[in-house]
Amino acid sequence: MHRFQVICRQMCSAVNKDQINVLDAARFYAPHLGVPQSKVYKWLLQNRSLVELDRTETLKKVAFLKYVNVTMSEIFEKPKILQCHLITLENRTTILRECGVLEALNLNVVSSSLRLMRNSVARLKQFRLIPADLNMYDQMKRQFDLTVEPQFRWDDQSKVCDMRASFIDEFLFQRLGITETERQKLWTSYSKIKNKSFGHTQRVIDVLQHDYKFSRDRLLANMYLLHADPENLLRFPEHVTSVAGIEFKELALKYPKLVMINHVTFAKTIALLKEHNIPESELLKCLCVLTLSPNTIEQRIERLKSVKEFEVLGKHPRVLKLIHHQKKASIRLEYLQQLKVRCASLDVLSSHSGNFERYVRDGCDRTKGRDTAHFLKNMFGEPGTAALEQMKRHPNWFHVPIVQMKDTIEALLKQKFTTSDMLDNIHILLYPLGRIEEKLTVLDTDAKINEELGVDVGKANSSQKLALALYLIEMDFHFTGDGVWPEQMQQSDSSSSITIELPKTLSTEYKFGKKPAANATDKEHSCR
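So, here's what we can say about the structure. What you see is a predicted model, and the numbers here were worked out from it, not measured in a lab.

What counts and how
- Residues numbered from 1 in each chain as written.
- Predicted model: local features only at pLDDT ≥ 70, side-chain atom pairs only at ≥ 80, totals over all residues.
- Heavy atoms only, no water.
- Helix = DSSP H or I, 4+ residues; strand = E, 2+ residues; numbered from the N terminus.
- Buried < 20%, exposed > 50% of the residue type's maximum accessible area, 1.4 Å probe, protein only.
- Areas by Shrake-Rupley, 256 points an atom, 1.4 Å probe, with all protein chains shown as cover.
- 1 Å grid on protein atoms, 1.4 Å probe; cavity = no way out; pocket = protein on both sides within 12 Å on 5 of 7 lines; lining within 4 Å.
- Points joined across faces, edges and corners; volume = space filled by probe spheres on them.
- Nonpolar A, V, L, I, M, F, W, Y, C, P; charged D, E, K, R; others polar.
- Core = buried A, V, L, I, M, F, W, Y, C linked by side-chain atoms within 4.5 Å.
- Contact = heavy atoms within 4.5 Å.
- Expected span 1.5 Å × (residues − 1).
- Axes fitted to C-alpha atoms, helices over the stretch in contact; angles between N-to-C directions.
- Parallel < 35°, antiparallel > 145°, perpendicular 65-115°, else oblique.
- Left-handed = near helix turned anticlockwise from the far one by under 90°.
- Patch = residues over 30% accessible without salt bridge, like charges linked within 9 Å, V, L, I, M, F, W, Y side chains within 5 Å.
- Salt bridge = Lys/Arg side-chain N within 4 Å of Asp/Glu carboxyl O.
- Lys, Arg positive; Asp, Glu negative; His and termini not counted.
- Charge placed at Lys NZ, Arg CZ, Asp CG, Glu CD.
- Phe/Tyr/Trp six-rings, centres within 6.5 Å; stacked < 30°, edge-to-face > 60°.
- Lys NZ or Arg CZ within 6 Å of the ring centre and 35° of its normal.

Scanning the protein chain from terminus to terminus reveals 31 helices and two strands. A burial count over the protein chain gives 46% of its 528 residues as buried. Accessible surface, the protein chain: about 28300 Å² in total, of which carbon and sulfur atoms supply 50%.

As structure tokens, this is what we get:
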């Protein structure tokens, strides 16, 4: 009964919270829409998805629709129109106007514009959307800054969308001199360009060539740029002048995908990374992370803090690579843990599939040392560089994961050892924490230890105690360096490879950062 009451309270709380959100949205929109709050409230209750929309963007959409003579009554009847992007609404309206739809332009027509474009010219005249005497060929021809006269047969039975495609094709041929091969690639890979207005296509090319200095070849190599928002392109340099000292326009030439990002979102992402102390200079090495939304980046940074293997890489210079490929890295990490692989580096977790497969098939559980170098420098500052050189004298140093080192450092700091003590005995970080604590306990409690070591342990300072603990550990392993291996791992040679059974799914699923299907995994286990 008690559990039922708790569930009821939770449900009531959720309902109340939802109603508060709707009421808050109604209060915000009512004065801007010029509609009583009570009416807006009822409307939002019936269309709750609108509550989640960005309010500033929604008001821009309403303002645009009003500009093209759409009334609030029409918007209330077709609320889904507000779920379209503003640029989509502008594009649809412009296309209709380019095709001669002027007097008949209303919300129904805008909503069904794509379907209408698949009709013939005669059909649009029948619907009284365009004048009965309109010459569609001349109407489209007038929309271009240069003379565009595609050679094709047409009459009022021709489909409007086919005519538009022919005009865009001819325009690109004249403006960019596209070859037949380039034309085929365009319509195969970017066929939706036919759904862009003539004005949009012309302006995007103008801005990219004149403002951003894109060459003809550079533009044709990245034809998706024809989908860019020209207004966004013009505003970008005003809001984001440079990144790490490099002018944005220069950066866009090197990585064209940047201009497809909204300039406001771009600025938010830069501010977010700065807030988390990620320098802009590192951003230049992983510009692809900017294609993620600020919310996604924020969530992935929080995720880094919750997974030990990721958290220890949080200060790594290339942490953005881990953020960008986090889903893939998480699945690979889980897979490597199943194989008892402990030393997966940032590069292994986020690199392309060929590298990952090679790493696993080689079966060598070791690090190349770059992650260790960055970790030691982050923990100890400049002395960390010298500490790594000292650490490399140990035959098995590259078989110890930095997660283990971090745990050891934190545990020793809690026991009042200093970073200076650890730097003096840097090899102590290579050994399992359980063995270190065991030997420290022996030094503090075993009365015979003074006689065995021939020293007065009571007079030893903290640095000397760590040295003695290190001595006791290696004495158990005859000073071979094998004390670094956990008890469950019996290895005697630093060049040994791990023995693992590779599943068939490695080549098809895991290397791409995807979990194999559950039934496939079950079959593998049943076969073994």
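Once that is clear, we can look at empty space enclosed by the protein. The full count for this structure, using the stated rule, is four cavities of 30 Å³ or more. Estimated volume of the largest cavity: approximately 60 Å³. Around the largest cavity sit Y29, L33, W43, L44, L50, T58, V62, M72 and L82, which together line it. Those elements giving two or more residues to the lining of the largest cavity turn out to be α1 (2–33), α2 (37–46) and α3 (55–67).

What follows is about the layout of surface pockets. Roughly 990 Å³ of internal volume is contained in the largest pocket. Residue lining of the largest pocket: 27 residues in total, with E57, H85, L86, D229 and N262 positioned closest to the centre. Its residues placed into classes, the lining of the largest pocket shows nine nonpolar, nine polar and nine charged.

This paragraph deals with the nonpolar core. The biggest cluster of nonpolar side chains holds 154 residues, and the ones touching the most others in it are L44, F266 and L429. No other element matches the eight residues that helix α10 (residues 160–176) contributes to this core. Residue contacts for L44: discarding those within four places in its chain leaves V22, A25, A26, Y29, L50 and V51.

Turning our eyes to something else, we now look at α10. The end-to-end C-alpha distance of α10, which contains 17 residues, comes to 24 Å, matching closely the 24 Å that a straight helix rising 1.5 Å per residue would cover. Looking at α10, one finds that the buried residues are V160, M163, R164, A165, F167, I168, D169, F171, L172 and L176. Looking at the residues trailing α10, positive phi occurs at G177, about 65°.

What follows deals with the packing of helix α24 (residues 370–380) against helix α26 (residues 402–414). Running from amino to carboxyl end, α24 crosses α26 at an angle of 20°, the nearest separation of the two axes being 10 Å. The orientation of α24 relative to α26 falls into the category roughly parallel. For the pair α24 and α26, the crossing hand works out as right-handed. Counted together, D371, T372, F375, M379 and F380 of α24 and I402, M405, K406 and I409 of α26 form the full contact between these two elements. Of the residues that constitute the contact of α24 with α26, the class distribution is six nonpolar, one polar and two charged.

A cluster of nonpolar residues, Y471, M475 and F479, forms a patch on the protein surface that exposes about 300 Å² of accessible area. Within the element layout of this structure, M475 appears in helix α30 (residues 462–476).

The subject of this paragraph is a positive patch on the surface. A cluster of like positive charges, contributed by R115, R118, K159 and K194, occupies part of the molecular surface. Tracing the backbone shows K194 in the loop between α11 (180–189) and α12 (198–211).

Another point: the side chain of K125. Positionally, K125 belongs in helix α8 (residues 121–126). When neighbours within four sequence positions are excluded, K125 is seen to be in contact with I130, P131, A132, D133, L134 and D156.

On inspection of all chains with the given rule, the structure shows 17 aromatic pairs. A ring pair is formed by Y471 and F479, whose centres lie 5.5 Å apart and whose planes are at 50°; its orientation type is tilted. According to the relative accessible area criterion, F479 is partly exposed, its value standing at 49%. An aromatic cluster is present here, built from Y137, F144, F152, W154, F167, F171 and F198 joined pairwise through their rings. Above the ring of Y212, the side-chain terminus of K249 is found at 5.9 Å from the ring centroid. One cation-aromatic arrangement involves R366 over F398; the distance from NZ or CZ to the ring centre is 3.9 Å.

Of note, L273 is situated in helix α16 (residues 263–275). Sequence spacing of L273 and I297 is 24 residues, and the spatial spacing of their C-alpha atoms is 8.7 Å. When neighbours within four sequence positions are excluded, L273 is seen to be in contact with I278, L283, I297 and L320.

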